[in-house]
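A closer look at the structure
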Protein chains: 4
Amino acid sequence: MTTFTSIAARLEGQAIELPSWAFGNSGTRFKVFTTPGTPRSAEEKIADAATVNRLTGLAPTVALHIPWDQVDDFAALGRFANDHGVSLGTVNSNTFQDNDYKFGSLTHTDPVIRQKAIDHHFACIDIMNQTGSRDLKIWLADGTNYPGQGDMRGRQDRLSDSLQQIYARLSDEQRLVLEYKFFEPAFYHTDVPDWGTSYAQVSALGDKAMVCLDTGHHAPGTNIEFIVMQLLRLGKLGSFDFNSRFYADDDLIVGAADPFQLFRILVEVVRGGGYGPGSPVAFMLDQCHNIEDKIPGQIRSVLNVQEMTARALLVDTEALTVAQEAGDVLGANGILMDAFYTDVRADLGAWREERGLPADPMAAYAASGYQQKIAEDRAGGTQLSWGA
Amino acid sequence: MTTFTSIAARLEGQAIELPSWAFGNSGTRFKVFTTPGTPRSAEEKIADAATVNRLTGLAPTVALHIPWDQVDDFAALGRFANDHGVSLGTVNSNTFQDNDYKFGSLTHTDPVIRQKAIDHHFACIDIMNQTGSRDLKIWLADGTNYPGQGDMRGRQDRLSDSLQQIYARLSDEQRLVLEYKFFEPAFYHTDVPDWGTSYAQVSALGDKAMVCLDTGHHAPGTNIEFIVMQLLRLGKLGSFDFNSRFYADDDLIVGAADPFQLFRILVEVVRGGGYGPGSPVAFMLDQCHNIEDKIPGQIRSVLNVQEMTARALLVDTEALTVAQEAGDVLGANGILMDAFYTDVRADLGAWREERGLPADPMAAYAASGYQQKIAEDRAGGTQLSWGA
Amino acid sequence: MTTFTSIAARLEGQAIELPSWAFGNSGTRFKVFTTPGTPRSAEEKIADAATVNRLTGLAPTVALHIPWDQVDDFAALGRFANDHGVSLGTVNSNTFQDNDYKFGSLTHTDPVIRQKAIDHHFACIDIMNQTGSRDLKIWLADGTNYPGQGDMRGRQDRLSDSLQQIYARLSDEQRLVLEYKFFEPAFYHTDVPDWGTSYAQVSALGDKAMVCLDTGHHAPGTNIEFIVMQLLRLGKLGSFDFNSRFYADDDLIVGAADPFQLFRILVEVVRGGGYGPGSPVAFMLDQCHNIEDKIPGQIRSVLNVQEMTARALLVDTEALTVAQEAGDVLGANGILMDAFYTDVRADLGAWREERGLPADPMAAYAASGYQQKIAEDRAGGTQLSWGA
Amino acid sequence: MTTFTSIAARLEGQAIELPSWAFGNSGTRFKVFTTPGTPRSAEEKIADAATVNRLTGLAPTVALHIPWDQVDDFAALGRFANDHGVSLGTVNSNTFQDNDYKFGSLTHTDPVIRQKAIDHHFACIDIMNQTGSRDLKIWLADGTNYPGQGDMRGRQDRLSDSLQQIYARLSDEQRLVLEYKFFEPAFYHTDVPDWGTSYAQVSALGDKAMVCLDTGHHAPGTNIEFIVMQLLRLGKLGSFDFNSRFYADDDLIVGAADPFQLFRILVEVVRGGGYGPGSPVAFMLDQCHNIEDKIPGQIRSVLNVQEMTARALLVDTEALTVAQEAGDVLGANGILMDAFYTDVRADLGAWREERGLPADPMAAYAASGYQQKIAEDRAGGTQLSWGA
């Protein structure tokens, strides 16, 4: 049996990137509820993200979304982040909120609109050059709602061409990660609907192009850890967008809907070399706190990833291999479940305290008065949300 | 073989209610695209709906949504509708767009908020009394996003009590129809998630309470026509919200995603007495024309229902019974498919012309200049959408 | 925080019925793998079930399946069971393995075949009278594979009539539990596909008719604990068939696929009065150990139910109610998760030892030599499976 | 508008391979129903397949399954087929019905068992050399039922190695097609679960390795025509296994569950160059006629493919492109639906008669007396099924 002590060192340095947009308002097509204290600027989002990092030590970087986080001076924004103990991370492009993109962006039949979408990515790379970000993440909302509406084949070819142009702009230290999604906002076909499509597209680009796996972007019943295994095996898993779901792309807190699935995913990450120093896999959150408080929502999320990583590291891999090779179905499964059912929370609390962090970051946040302070301080102005 | 001639008379009087909100802007949580000519008032929505009816003869009533269609004088709005050849129909309540309802409405633990939601329904019944509407339709967005967030049992009991109070306000000619929905906007549990729950709740109310079946509100793979059969058998199918889906509650044009499913549904409607004079079942659309033109979107929709009704009526039910009782699997299925594969479009075009309607309402609308006219006339003002 | 000590007493008397057929061979349509030691008679199945009970104290009864467990003298079989420390439980009927039932049984259009199916249930009740069984469980494989093949409405009406005849034969102490299933072996429609149908049918019968919920018989994404809550609320939850699934009716070990779902189900069972003395809800397993060893598979299963019941009992319901009513989403969810993440295994081991049971029944079974013994003793004869 | 006349010539030469096993008994894990006249030998299966071809002109080849169709002299079997107007086609391997393969075949950890599975494929290639078959089709049942049971990564690597060895044995004229399947008979993970995995594996092999797409092997909601498009674009679509499904791998008659989906698939096949002379894509059926008559079941199936191919060819692609590029959502969808709703059955009947085929092959079969004849002639002997 593997002990917590033996894996404690491997928890050092775990980093989970926070999305700036998690701190703004989000909702469903039916309603976006607002909350006192919601940020009104990129700086306020970063301050909130830095609070999560201060209490957990798990979230040293913040992902930006352009144009939601567009500022005049990204170098200054980077310094602001550094002053708060974090730095700027992945840059996310957005080609789904302009009327021009109603029928597509990087896949559009109209060369003018397609060029506009490509240019937007060039602009994102310019920002990356200022922020020192490594990754350009592309989630494409392109797709169609009705059979016949678009020529799926032509769209795929144009996508390939557009990505090639964008890829050519990357520096040697930069990467392009292409996210796939089963459906939404398009309801008949999505231009990058599955890992196979993302894999085929990034493979055609080159070594600096990787796949981004969002845990909420699969068909019902999909074995996600298998895809994790496969992409790691193929050398193409670039990053995770963590969240959880019961139905569709619910964007709930990671681990909330199916903690055992998160465990299995992390077991494959560890198994396949996707965890630890030198791994090419970036861990990020991508969630919507529609009804729960945003900052504690993010704290809960990174803690969930950390707790489940600890459990994944606890798997007795030697005993597991023996049982697997012996065809001992119940024994092998039992070894996995032993790790999953181990309650690591007290050990992790002590581990945090040893590192000058609060044992219980959720309680520490509640006691900190931060939420009350921002609710008071951030009166007036326009709360940010996806639309801004 | 049943002929079109023999069923032509049964197509008379088919009525499909249009939702006023189909003419306003709608979208996804990512973006609401706007279109020139979108209505800025309840009257403009009704004018658009009346246009659909004028070209198809299929849509004599318009459903209202409160507060989206709130006006000072509903009697005047009714006269406006009549002047345009239509009348006002079902009244839909809305308890999902007020901050108070973040954690529930008719199920809320707070008696003040729950009373507010009940009062809203009383106000809807008042409007029904002015408009002469028969049906109060309740679609409840209530639910929770996280396990443990709410006490599902207590919520169900409070729902029951709230519905009882609302039901008690109905006149003898009025009905309450309770819609169920698998998920969204709630992502863990929904308080009326399935037909069984709606059936249990309305059965406890009385004869004037019925179930509303929205064709997009089921789990993947659900045999919807079975539910249609069962609710008709139990005497509790009150109305349909027609639309279609590939994934979730996509709200696409009815018949667009799976025309054969629509056919099977209508076969069961006819089989179970849900079609024709005296049937208690109201046909309505509930769709979102996110990217397609709204008025032709509605025209296409009612035509789809009409065409598929014709095919359903074409089923040779006598031959079918013989094959079914003989255990002739391929024969029975073949009789059903014969009707489905029959191209009724030319016959329906002629049928329309006999009745002074355009043979091809889609072409007639395109040729009418209406779209250009509203795009010009409706400059300025605020386009209506779900939020307003 | 609730402690194990405070709930230990509530674990007393938990009983999970084992299905006799779990000890026979089972498989998929592609292959039934065999294992040394598989029973060749009803007696050997009961001996295996008794072994599970001896090591766990959790499985005092064995469900029979007729005709798989048909014997000449059921009273003698009952005495055999008693001699092994268990007794006979629920009687399961079978109307899916006779050529006559190809197109239906209790729903068949042919009155002769339908009567044969009814008579089979009469025979089952006769057996119950001999065994002293309380429950007659009906899982109906009836359905169709192709649209049009059957008249779903007529089938439902005949089902109702058949059930009424069967119900009339029950004594005052006996019950009829009607199981529903989403699909399989029928692939277009199933005559009892959902809880709503089962509920409507048993409600029409009377107080002694209840619903059986098999945890693997739902559409993808279904919130099963909601159904548990609803059936308990309606007073119609008669029994559980426990197992787990990733895809369809996989019949895996309960808790193996989604332990958190099992936890949520048990939380609702406890919440709704479905657990403990006086509860009308019978716990049963219904699983297929296609590739794993059968006896330890059953041991693992009852332990999983016990462990998760302990976690469910650990929920701090008072604190939960406070958080729920305060709209504290993360707090309420956190209280639930606290119980789920608590590692109850060591406490349960001690609890077992106090009661003269092995702390680790899986290890005790492995050490017992029982498996080797039956593998040797049960040479020759015909191993039993679903088909026999 | 495209007319039938203009596409008639393109229907010439359409060929849909029949699986020999479709004529044997099949069923579910619950029951295999038998039918009079079921073949007792490979020759009788071929005779039945030849009957389908004689009446439809659509099924000139028969796929074999080894060992189900193992004979001493494959050359003689080929001559037998030729004498009946058909020839032998794809050879299907089977590594799922031997006890050795309980925990895997081409992926097994035990080198002895893995070699046995590889050798079986060598034997299949030997048969192909005798029958002149082009394609070796591998559907792999390998997978696990419980998390932890197997090391998914190691299994994938061993699969890769095994396939390489098999691939190396192919002649220049032969191909390997690798089928993927979402789940079943494994219920936790499948070693080739999706098109991406099959694509990655066959891409690593070389030009003679292709993907086989079985239309029933996807997650709920999957847009299958997108995968068709993508595989054609990537040059890796080798063959289809046609069937249809409502739930899982139901193996119903192609086009029976969702005819519009079959239409969309065929539209993409035509669009991407997968249809007609020179196309590398092989059309095959893979279905289970559990309750319907087998020979007419196969006739119905090839007719469904032919009818839907005709509709797919009827799409006015020029007009469609214009509408697509104009962003005319309803117009483009309408052009597609025009073709789908066109009733091609009378035209196809005439087309058949011109070619000396019966206008209505289903009726011709019923009138032929073949079914009665085989029911009488094939008395005695052992009916073949999947197991033999």
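Preceding this paragraph is the structure being described.
Predicted model, so just to flag it, every value in this text is computed and none were measured.

What counts as what
Residues numbered from 1 in each chain as written. Chains lettered and ligands numbered in written order. Predicted model: local features only at pLDDT ≥ 70, side-chain atom pairs only at ≥ 80, totals over all residues. Heavy atoms only, no water. Helix = DSSP H or I, 4+ residues; strand = E, 2+ residues; numbered from the N terminus. Rg over C-alpha atoms; globule rule 2.2 N^0.38 Å. Buried < 20%, exposed > 50% of the residue type's maximum accessible area, 1.4 Å probe, protein only. Contact = heavy atoms within 4.5 Å. Lys, Arg positive; Asp, Glu negative; His and termini not counted. Charge placed at Lys NZ, Arg CZ, Asp CG, Glu CD. Pairing = 2+ DSSP bridges. Axes fitted to C-alpha atoms, helices over the stretch in contact; angles between N-to-C directions. Buried area = accessible area lost by both parts, 1.4 Å probe. Salt bridge = Lys/Arg side-chain N within 4 Å of Asp/Glu carboxyl O. Polar contact = N/O pair within 3.5 Å; in protein donor to acceptor, adjacent residues only side chain to side chain. Parallel < 35°, antiparallel > 145°, perpendicular 65-115°, else oblique. Left-handed = near helix turned anticlockwise from the far one by under 90°. Nonpolar A, V, L, I, M, F, W, Y, C, P; charged D, E, K, R; others polar. Least-squares fit on C-alpha atoms with pLDDT ≥ 70 in both. Phe/Tyr/Trp six-rings, centres within 6.5 Å; stacked < 30°, edge-to-face > 60°. Lys NZ or Arg CZ within 6 Å of the ring centre and 35° of its normal. Expected span 1.5 Å × (residues − 1). Right-handed = clockwise from strand over helix to strand, strands pointing away.

1. Side note on the overall build of chain A
In terms of helices and strands, chain A carries 14 helices and ten strands. Rg of the C-alpha trace for chain A: 21 Å, near the compact-globule value of 21 Å for 388 residues, within the 12% margin. For chain A, buried positions account for 68% of its 388 residues. Considering only contacts in chain A between residues 6 or more positions apart, those separated by 24 or more positions represent 78%. Mean positive and mean negative side-chain charge positions of chain A (32 and 50 charges, respectively) differ by 3 Å.

2. Some words on the sheet that holds strand E2 (residues 61-65) of chain A
Residues and elements named next belong to chain A. Read across the sheet, eight strands follow the order E1-E2-E3-E4-E6-E8-E9-E10 without closing on themselves; strand pairing throughout is parallel. With partners counted over all chains shown, the strands left at the sheet margins are strand E1 (18-19) and strand E10 (282-285), one partner each. Helix-sheet contacts for helix H3 (residues 74-83) involve E2 and strand E3 (87-92), and the interaxial angle to E3 is about 130 degrees. On top of the sheet, helix H6 (residues 195-205) reaches strand E6 (175-179) and strand E8 (209-214); it is set at about 160 degrees to E8, its chief contact.

3. Focus: the interface of chain B and chain D
Contacts between chain B and chain D engage 29 residues on the former and 29 residues on the latter. In total, chain B and chain D occlude about 2,200 Å² of area from one another, counting both sides; carbon and sulfur atoms represent 62% of this. When the buried surface of chain B facing chain D is broken down by residue, Leu330(B), Tyr341(B) and Arg345(B) rank first, second and third, together holding 31% of it. Where chain B packs against chain D, one counts two salt bridges. Between Arg345(D) and Asp338(B) there is a salt bridge, and its shortest N-O distance comes to 2.7 Å. The interface formed by chain B and chain D contains two residue pairs in polar contact (both at pLDDT 80 or more). Secondary-structure elements contributing two or more residues to the side of chain B that touches chain D are helix H8 (259-271), helix H9 (294-313) and helix H11 (329-341) of chain B. Top contributing element to the side of chain B that touches chain D by residue count: H11(B), with six residues.

4. Digging into the packing of helix H9 (residues 294-313) of chain D against helix H13 (residues 361-368) of chain D
Residues and elements named next belong to chain D. Running from amino to carboxyl end, H9 crosses H13 at an angle of 160 degrees, the nearest separation of the two axes being 9 Å. With respect to H13, the element H9 is oriented roughly antiparallel. Considering how the two elements wind past one another, H9 and H13 form a crossing that is right-handed. Residues Ile 295, Pro 296, Ile 299, Arg 300 and Leu 303 of H9 lie in contact with H13, whose contacting residues are Pro 361, Met 362 and Tyr 365. Residues of the contact of H9 with H13, tallied by class, amount to seven nonpolar, no polar and one charged.

5. Observations concerning the relation of the copies chain B and chain D
After a rotation of 180 degrees and a shift along the axis of 0.0 Å, chain B superposes on chain D with an RMSD of 0.0 Å. Here the transformation between the copies is reduced to the relation of a two-fold axis. Among all residues of chain B, the minimum C-alpha distance to the rotation axis is found for Asp343(B), at 2.8 Å. Both copies contact each other with a shared surface, as 100% of the interface residues of chain B are interface residues in chain D too.

6. A short note on the sheet that holds strand E4 (residues 135-139) of chain B
All names here are of chain B. One closed barrel holds the eight strands; their spatial order is E1-E2-E3-E4-E6-E8-E9-E10, and the pairing between them is parallel. For this sheet, the mean angle separating the axes of adjacent strands, direction not counted, is 30 degrees. Pairing of strand E1 (residues 16-19) with strand E2 (residues 61-65), which is carried by two bridges, proceeds in the parallel orientation. Across the sheet, Pro 19 pairs through a bridge with Ala 63, a residue of E2. Across the sheet, helix H4 (residues 111-131) is in contact with E2, strand E3 (87-92), E4 and strand E6 (175-179); its angle to E4 comes to roughly 150 degrees. Docked against the sheet, H9 engages E1, strand E9 (237-242) and strand E10 (282-285), running at close to 155 degrees with respect to E1.

7. Let's talk about the interface of chain D and chain A
Across the boundary between the two partners, chain D contributes 53 residues, which contact 53 residues of chain A. Summed over both partners, the interface of chain D with chain A buries about 4,100 Å², with 60% contributed by carbon and sulfur atoms. The three residues of chain D that bury the most area against chain A are Arg153(D), Phe226(D) and Arg233(D), which together make up 16% of that side's buried surface. Between chain D and chain A we count four salt bridges in total. Among the ionic pairs, Asp157(D) bridges to Arg233(A), the shortest N-O distance being 2.7 Å.

8. Focus on the packing of aromatic side chains
For the coordinates displayed, the defined rule picks out 94 aromatic pairs over all chains. Relative to Trp139(B), the ring of Phe30(A) lies with its centre 5.0 Å away and its plane at 45 degrees, an arrangement referred to as tilted. Taken together, the positions of Phe30(A) in the loop between E1 and helix H2 (42-56) and Trp139(B) in strand E4 put the pair across two chains. With respect to burial, Phe30(A) and Trp139(B) carry one shared label: buried. Three or more aromatic residues link up through ring pairs in this structure, and these residues are Phe260(A), Phe263(A), Phe340(A), Tyr341(A), Phe260(C), Phe263(C), Phe340(C) and Tyr341(C). Taking the ring centre of Tyr101(B) as reference, the NZ or CZ of Lys116(B) above it sits at 5.6 Å.

9. Details of the relation of the copies chain D and chain A
Expressed as a screw transformation, the operator carrying chain D onto chain A has a rotation angle of 180 degrees and an axial translation of 0.0 Å, and the superposed copies differ by an RMSD of 0.0 Å. Interface residue correspondence from chain D to chain A reaches 100%, placing this contact among same-surface, isologous pairings.

10. A short note on the side chain of Asn92(C)
Residues and elements named next belong to chain C. If you trace the backbone, Asn 92 turns up in strand E3 (residues 87-92). Looking at Asn 92, its side chain comes within polar contact range of the side chain of Lys 137, at 3.3 Å. Those residues within four positions of Asn 92 in sequence are excluded, and the remaining contacts are Trp 21, Ala 63, Leu 64, His 65, Ile 66 and Lys 137.

11. Details of helix H4 (residues 111-131) of chain A
Residue and element names in this part refer to chain A. Here H4 contains 21 residues, and its C-alpha end-to-end distance of 30 Å stays within 8% of the 30 Å for a straight helix at 1.5 Å per residue. Of the residues making up H4, those classed as buried are Ile 113, Arg 114, Ala 117, Ile 118, His 120, His 121, Phe 122, Cys 124, Ile 125, Ile 127, Met 128 and Thr 131. For H4, the elements touching its buried residues are E2, H3, E3, strand E4 (135-139), helix H5 (152-168) and E6. In this structure Asp 110 caps H4, since a side-chain oxygen of it lies 2.8 Å from the backbone nitrogen of Val 112.

12. Considerations on the side chain of Glu268(D)
Position of Glu268(D) among the secondary structure elements: in helix H8 (residues 259-271). Nearest to the buried, unbridged Glu268(D) among oppositely charged side chains is Arg271(D), at 5.6 Å. Residue contacts for Glu268(D): discarding those within four places in its chain leaves Met152(A), Glu225(D), Val228(D), Met229(D) and Leu232(D).

13. A look at the pairing of E3(A)
Residue and element names in this part refer to chain A. Within E3, five of the six residues are buried, which leaves it mostly tucked inside the rest of the structure. Pairing of E2 with E3, which is carried by four bridges, proceeds in the parallel orientation. Residue pairing for E3: His 65 is matched across the bridge by Asn 92. Note on the crossover from E2 through H3 to E3: the handedness is right-handed. Direction of pairing for E3 relative to E4: parallel, over a ladder of two bridges. Bridge pairing in E4 links Val 91 to Leu 136. Of the crossover connections in this fold, the one passing from E3 over H4 to the parallel E4 is right-handed.

14. With respect to the pattern of salt bridges
Under the defined criterion, the tally for this structure stands at 105 salt bridges over all chains. In this structure, Asp135(A) and Arg175(A) form a salt bridge, with 2.8 Å as the shortest nitrogen-oxygen distance. Of the two residues, Asp135(A) sits in strand E4 while Arg175(A) sits in strand E6, which places them 40 residues apart along the sequence. The same class applies to Asp135(A) and to Arg175(A), which are both buried. Arg264(D) is paired through a salt bridge with Glu225(D); the nearest N and O atoms lie 2.5 Å apart. With Arg264(D) in helix H8 and Glu225(D) in helix H7 (residues 224-233), this residue pair connects regions lying 39 residues apart in the sequence. Residue Arg264(D) shares its accessibility class with Glu225(D), and that shared class is buried. Because the salt bridges share partners, they merge into one network encompassing Arg29(A), Lys181(B), Glu184(B), Asp249(B) and Asp251(B).

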